[in-house]
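Structural overview
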Amino acid sequence: MKITFKGFPWPHIIEDNFLKQTDFRELLDISTTLPTGHDNQVIVASSIISIDGRIEKIAEGISEALLKSIHRNCNEKLVEHLKALAPQKVELYDYSIISILRTGKNYSYRIHDDVAEKLLSVVVYIDPEDNRGTLCYKSPSKKSFVYEVPWKQNRALVFSRLGRRTWHSYCGDKENQRITLVYNLMTRHPIKAIKSEVRYPLSLVCLPDTTYIAYLRDLPFRIRGYLKKIILAAIK
């Protein structure tokens, strides 16, 4: 196991041989059975595990035994990584989301900083042997690109989200689909998580957190959902 801490363009950890070999090999086997999407899309299969280890939701294609094994072997050290990167957020940890992502070879995700519900973000490179890693930026502009975390199987990129700072993106390599495991430590108190973050420079202090902006964008869809429930209830 090799762990490297980097502070630029924002604090993050790179850990090689992140998963136990037995878990990694089983994920490799699973990657061949995942649904094949379009070259320009990403398919996400997510499972939810409570803080006490109970499986609240299990994604199709992954066994309960493997999910429990990954959680048992990784959760404790991820809490330690959170303590190192953002100790003030540890008490906000409520549950984990473990996802398998199949990214099409031509797919590209926008530059983003992650939502505040994510206390710790972890992406583990699974398959193939060579692909594109994670692209790190200083701002949401492509011109602010700093470097790419090199792709290596069973390598993990770990960071704690900072509003308007942890800008990153990912994409396919135009040749092969990209399989990753994403393991996030989550909170049900995003506003507290935002307030716990140190915001600097001063120019960022007056800007609304990107999570708030996402809530506003999502508002019309939520209102439609509520109205639909009211109408259906009235019809019944």
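So, here is what we can say about the structure in this document. Everything numeric in this text was worked out from a predicted model, so none of it was measured. (Residues numbered from 1 in each chain as written. Predicted model: local features only at pLDDT ≥ 70, side-chain atom pairs only at ≥ 80, totals over all residues. Heavy atoms only, no water.)

Considering the overall build of the protein chain
Across its full length, the protein chain carries 5 helices and 11 strands. Considering the protein chain as a whole, with its 236 residues, one finds that 48% of them fall into the buried category. Within the protein chain, contacts between residues separated by at least 24 positions form 79% of all contacts whose residues are at least 6 apart in sequence. Total accessible area on the protein chain stands at roughly 12,700 Å², and carbon and sulfur atoms take up 57% of it. (Helix = DSSP H or I, 4+ residues; strand = E, 2+ residues; numbered from the N terminus. Buried < 20%, exposed > 50% of the residue type's maximum accessible area, 1.4 Å probe, protein only. Contact = heavy atoms within 4.5 Å. Areas by Shrake-Rupley, 256 points an atom, 1.4 Å probe, with all protein chains shown as cover.)

Brief notes about the side chain of histidine 168
Within the secondary structure, histidine 168 sits in strand 10 (residues 168-170). Ignoring anything within four residues of it in the chain, the contact list for histidine 168 reads Trp10, Arg110, Ile111, His112, Asp113, Asp114, Thr134, Leu135, Tyr137 and Phe159.

Notes on the pairing of strand 7 (residues 134-137)
Where burial is concerned, the two faces of strand 7 agree: the one with Thr134 and Cys136 and the one with Leu135 and Tyr137 are both buried. Here 4 bridges tie strand 7 to strand 8 (residues 145-149), and the two strands are oriented antiparallel to one another. Within strand 8, the position partnered with cysteine 136 by the bridge is tyrosine 147. For strand 7 and strand 10, the ladder comprises 3 bridges, and the chain directions are antiparallel. Within strand 10, the residue paired with threonine 134 across the bridge is tyrosine 170. (Pairing = 2+ DSSP bridges.)

Some thoughts on helix 1 (residues 21-31)
What helix 1 keeps buried is the set Asp23, Phe24, Leu27, Leu28, Ile30 and Ser31. For helix 1, the angular spread of the buried residues around the axis is 160 degrees, confining them to a single face. Exposed side of helix 1, more than 90 degrees from the buried face: Thr22 and Asp29 are the residues found there. Check the buried side of helix 1 and you find it contacts helix 2 (64-85), strand 5 (95-103), strand 6 (118-127) and strand 11 (178-186). (Arc of directions from axis to C-beta.)

Re the sheet that holds strand 7
Here we have 3 strands laid out as an open sheet, ordered 8-7-10, and antiparallel in their pairing. Edge positions in the sheet fall to strand 8 and strand 10, since each has one partner strand and no second. Adjacent strand axes in the sheet meet at a mean angle of 25 degrees, parallel and antiparallel pairs treated alike. (Axes fitted to C-alpha atoms, helices over the stretch in contact; angles between N-to-C directions.)

A word on the pairing of strand 2 (residues 12-16)
Extensive coverage of strand 2 is indicated by the burial of 5 of its 5 residues. Burial along strand 2 is two-sided: His12, Ile14 and Asp16 and Ile13 and Glu15, pointing in opposite directions, are all buried. Pairing analysis gives 5 bridges linking strand 1 (residues 2-6) to strand 2, with the strands arranged antiparallel. Its bridge partner lying in strand 2, phenylalanine 5 is registered against isoleucine 13. Counting the residues between successive antiparallel strands, the hairpin from strand 1 to strand 2 contains 5 residues. Direction of pairing for strand 2 relative to strand 9 (residues 156-159): antiparallel, over a ladder of 3 bridges. In the strand pairing of strand 9, isoleucine 14 is matched with leucine 157.

Observations regarding the sheet that holds strand 3 (residues 42-50)
The antiparallel open sheet is built from 8 strands, whose spatial order is 1-2-9-6-11-5-3-4. In this open sheet, the two edge strands, each paired with only one partner strand, are strand 1 and strand 4 (55-57). Put simply, the sheet's adjacent strands are angled 20 degrees from each other on average, direction ignored. The sheet contact formed by strand 6 and strand 9 spans 4 bridges and is antiparallel. Residue pairing in the sheet places valine 124 in a bridge with alanine 156 of strand 9. Across the sheet, helix 1 lies against strand 5, strand 6 and strand 11, angled at about 70 degrees from strand 6, the strand it touches most.

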